[in-house]
Amino acid sequence: MSDVMREGASDAPVRILLAHGAGAGMEHAFLSELSRLLAGPDIEVVRFNFPYMTKWALDGKRRPPDRQPVLLDHWRQMARQFAHPRLFLAGKSMGGRMAAELYREGGGEMNAAGLLILGYPFHPPAKPDSWRGEVLKQIKTSTLLLQGERDTFGTRAELADFPFSSHVSVHWLTDGDHGFKPRKASGVSEQENLQQAADRIKGFIAATRVEA
């Protein structure tokens, strides 16, 4: 089994390197559908598994995520392997948090055009005191944060006064949970939220210039 999946043109002018969250790998339905909506002649999407998920996929034994140094090192390896003139680092939940950690002090070594974070885990559900969002106050790289309005890892109400870095653009998905899924009563479908997320990503990429 390969621990990398590629969609879209290999010679596309933009490449998105996309990491999974803690509890599901690169083949999760959320990442599969978002990749489908993004990939094409103008954008290549490269999904990858962290080492613990590769082992889990091989033997079926559920494992906790690797420790942060291992996750960060794997991110660096992937960014080097899939280097591109217009590379965007992207991640769902834990994968996005680790991408942000690479840029805590500016992240020039990564040579990427920007970050795409899909559902940042500001705290574990029902544990608001276990806070881990400080990096988004400090980050100096162009960043798009897409967050469900009722995400139990950080709701819109909780974050109303959060002092995001001026480099972070935040977009809220209507009534979305951690996977952007809304309730039926919201009048918005899960597919509509995913399409809106893809459209926001494309707009952000178009507006983000490569830093000299």
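Structure report, in brief. (Residues numbered from 1 in each chain as written. Predicted model: local features only at pLDDT ≥ 70, side-chain atom pairs only at ≥ 80, totals over all residues. Heavy atoms only, no water.)

Time to look at the packing of aromatic side chains. Counting across every chain of the model gives 10 aromatic pairs. On the basis of an interplanar angle of 70° and a centroid distance of 5.1 Å, the ring pair of Phe30 and Phe180 is categorised as edge-to-face. Within this pair, whereas Phe30 is found in helix H1 (residues 29–38), its partner Phe180 is found in the loop between strand S7 (168–173) and helix H6 (190–207), the two being separated by 150 residues in sequence. Each member of the pair Phe30 and Phe180 is classed as buried. A centroid spacing of 5.8 Å and a plane angle of 50° characterise the contact between Trp131 and Phe162, whose relative ring orientation is tilted. Highlighted residues: Trp131 in the loop between strand S5 (114–118) and helix H5 (135–138) and Phe162 in the loop between strand S6 (143–148) and S7, separated in sequence by 31 residues. (Phe/Tyr/Trp six-rings, centres within 6.5 Å; stacked < 30°, edge-to-face > 60°. Helix = DSSP H or I, 4+ residues; strand = E, 2+ residues; numbered from the N terminus. Buried < 20%, exposed > 50% of the residue type's maximum accessible area, 1.4 Å probe, protein only.)

With that out of the way, let us pick up the sheet that holds strand S3 (residues 43–48). Taking strand neighbours across the sheet as the criterion, the 7 strands line up as S1-S3-S2-S4-S5-S6-S7 in an open arrangement whose pairing is mixed. Strand pairing shows two members of the sheet lacking a second neighbour, strand S1 (4–7) and S7, which therefore form its edges. Across the sheet, the mean angle from the axis of one strand to that of its neighbour is 20°, orientation sign disregarded. Examined bridge by bridge, strand S2 (residues 14–19) and strand S4 (residues 87–92) share 5 bridges and lie parallel to one another. What sits directly across from Ala19, in S4, is Gly91. Across the sheet, H6 touches S2, S3, S4, S5, S6 and S7, and the angle it forms with S6 is around 170°. (Pairing = 2+ DSSP bridges. Axes fitted to C-alpha atoms, helices over the stretch in contact; angles between N-to-C directions. Contact = heavy atoms within 4.5 Å.)

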